[in-house]
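Structural features, examined
Given next are the chains, with one letter for each unit.
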Amino acid sequence: MSRHDHAHEDTGADHTGHGHADHGHAGHSHGVGADADRRWLAIALGLIGGFMAVEVVIGVMAHSLALISDAAHMLTDAVSIVLALIAMRLAARPARGGFTYGLKRAEILSAQANGLTLLLLAVWLAYEAVRRLTDPPPVEGGLVLVTALAGIVVNIGAAWCISRANRSSLAVEGAYQHILNDLFAFIGTAVSGLIVLTTGFVQADAIATLVVVVLMVKAGYGLVRDSGRIFLEAAPAHVDPDAVGDRLVHHAPVTEVHDLHIWTITSGQAALSAHVLVEPAGDCHAVRRELELLLAKEYGITHTTLQVDHVQDALLSVGRVGEAPGGADPHCADAHGPVHREGPHAH
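To keep things clear, this report deals only with the structure shown in the data block. Since we're looking at a predicted model, the values are computed, not measured.

Observations concerning the pattern of salt bridges
Per the counting criterion, the structure on display carries six salt bridges. Linking Glu256 and Arg341 is a salt bridge whose minimum nitrogen-to-oxygen distance equals 2.9 Å. Within this pair, whereas Glu256 is found in strand β2 (residues 254–266), its partner Arg341 is found in strand β5 (residues 340–341), the two being separated by 85 residues in sequence. Among the residues examined, Arg341 registers a relative accessible area of 34% and is labelled partly exposed. Here Glu292 and Arg288 are joined by a salt bridge, their closest N and O atoms 3.5 Å apart. Of this pair, Glu292 and Arg288 both sit in helix α8 (residues 284–299), four residues apart, roughly one helical turn.

Here it is in structure tokens:
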């Protein structure tokens, strides 16, 4: 017998049945919602887009790769903000049809796209910078310095705007990282412009570009890594599934936990499912409620699906059909991951 207890109310029903598949749905924070502040992102987009057009023209006039690289970086800034705005709108749509989680992962797609564009742009800029180190063109240091100083002001304003939005979203964080890297890039470009202006050392422009490349690779790799973990259904980086399984099985009257899965639906929303076996005299519904509270309090996991059953002699083995003692069918025909029991056990 199985039932879905969404309200988690103790109705006084018989708790001796088996196959209690219950879902914890209280207190969720489902990533980016419809109330996310799009206005701040739109303001940042206007600042970035307007200055980018000016910078391209000045970069060509000054023969500055650093300025052109900054403009290219600002283009990815603008794209990242547009993607974040689209992701916010998609993520706010309710779950329906085949999309049982809604479109929450649209923001993760946005974050991955932001990370990949940073990495690809870094490769191109590194190539151009190395080429200009060996054969540097003349650079107008004065134009570079003035434009870079203006860029610093614009990027500080844009970064402040995005910091006012919901940075718990990977999409928004991706846009923020783009702009923060661009701010550092403009600082480097301003320094290179000052060096060219005062010393005539034109290679400073290419060196500043290489510094920007390092920052872009660092930010891009972080975004691709974090979004990739979510797409691969990995547990959140701060959660150890083995430690969670051991913690659950130490909760009396739990005797075994298996088929334990922990994954991230979208930014800041972890989910967990597990099959829990309790002693014959245990209260399945009470155990389920206690475990949900434990998971929420100790691990911050509030989206849980726990199937709680009474342990029986015929269900003591987990494995493939035919592997149970006496040839009886085991409880799980194909268990995933380690089986957690009291005492030493393999992980």
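Observations regarding unusual backbone geometry
A cis geometry characterises the amide bond from Ala252 onward to Pro253, with omega recorded as 0 degrees. Tracing the chain through its elements places Pro253 in the loop between α7 (241–249) and β2. With a phi angle near 50 degrees, Asp259 is a residue other than glycine that sits in the positive phi range. In this structure, Asp259 sits in strand β2.

What about a nonpolar patch on the surface?
On the surface, Leu133, Phe184, Ile187, Val191, Ile195, Phe201, Ile207 and Val211 cluster together into a nonpolar patch covering about 630 Å² of accessible area. No other element matches helix α5 (residues 170–199), which puts four residues into the nonpolar patch. As for its position among the elements, Phe201 is in the loop between α5 and α6 (203–231).

Focus on the nonpolar core
Within the largest apolar cluster, 31 residues are counted, with the highest numbers of intra-cluster contacts made by Leu41, Ile48, Met74, Ile81, Ile162 and Ile179. Of all the secondary-structure elements, those providing two or more residues to this core are α1 (38–62), α2 (65–91), α4 (141–163) and α5. Core analysis: the second largest hydrophobic core is formed by 22 residues, Leu248, Val249, Cys284 and Leu306 among them.

Here's the deal with α6
Here α6 is 29 residues long and its end C-alpha atoms lie 42 Å apart, about the 42 Å a rise of 1.5 Å per residue gives. Of the residues trailing α6, Glu233 is marked for its positive phi of about 60 degrees.

Quick notes on the layout of surface pockets
Here the largest pocket is characterised by a volume of approximately 340 Å³. Only α6 and β3 (269–278) provide two or more residues apiece to the lining of the largest pocket. Here the lining of the largest pocket is composed, by residue class, of nine nonpolar, eight polar and two charged. The computed volume of the second largest pocket comes to approximately 180 Å³. Considering the residues around the second largest pocket, the lining is formed by 13 residues, among which Gln177, Asn181, Lys218, Ala219 and Gly222 are closest to the centre. Broken down by secondary-structure element, the contributors of at least two residues to the lining of the second largest pocket are α5 and α6. The biggest single contributor to the lining of the second largest pocket is α6, with seven residues. Looking at the lining of the second largest pocket residue by residue, the classes come out as six nonpolar, three polar and four charged.

Looking at α2
Taking 1.5 Å per residue as the helical rise, α2 with its 27 residues ought to reach 39 Å, and the 38 Å between its terminal C-alpha atoms agrees with that figure. A large share of α2 lies buried, amounting to 19 of its 27 residues.

Brief notes about the packing of aromatic side chains
Overall, the coordinates contain two aromatic pairs when judged by the stated rule. Measuring from ring centre to ring centre gives 5.1 Å for Trp40 and Trp160, while their planes differ by 90 degrees; the resulting arrangement is edge-to-face. Remark: Trp160 occurs in helix α4 and Trp40 occurs in helix α1; sequence separation between them is 120 residues. With a relative accessible area of 12%, Trp40 lands in the buried category. By relative accessible area, Trp160 is classed as partly exposed at 46%. Between Phe51 and Phe186 the ring centres are 5.8 Å apart and the planes differ by 70 degrees, which places this aromatic pair in the edge-to-face class. Taken as a pair, Phe51 in helix α1 and Phe186 in helix α5 lie far apart in primary sequence, 135 residues in all. The two residues Phe51 and Phe186 agree in class, both being buried. A cation over a ring is seen here: Arg39 above Trp40, with NZ or CZ 4.8 Å from the ring centre.

The rules behind these values
Residues numbered from 1 in each chain as written. Predicted model: local features only at pLDDT ≥ 70, side-chain atom pairs only at ≥ 80, totals over all residues. Heavy atoms only, no water. Salt bridge = Lys/Arg side-chain N within 4 Å of Asp/Glu carboxyl O. Helix = DSSP H or I, 4+ residues; strand = E, 2+ residues; numbered from the N terminus. Buried < 20%, exposed > 50% of the residue type's maximum accessible area, 1.4 Å probe, protein only. Patch = residues over 30% accessible without salt bridge, like charges linked within 9 Å, V, L, I, M, F, W, Y side chains within 5 Å. Areas by Shrake-Rupley, 256 points an atom, 1.4 Å probe, with all protein chains shown as cover. Core = buried A, V, L, I, M, F, W, Y, C linked by side-chain atoms within 4.5 Å. Expected span 1.5 Å × (residues − 1). 1 Å grid on protein atoms, 1.4 Å probe; cavity = no way out; pocket = protein on both sides within 12 Å on 5 of 7 lines; lining within 4 Å. Points joined across faces, edges and corners; volume = space filled by probe spheres on them. Nonpolar A, V, L, I, M, F, W, Y, C, P; charged D, E, K, R; others polar. Phe/Tyr/Trp six-rings, centres within 6.5 Å; stacked < 30°, edge-to-face > 60°. Lys NZ or Arg CZ within 6 Å of the ring centre and 35° of its normal.

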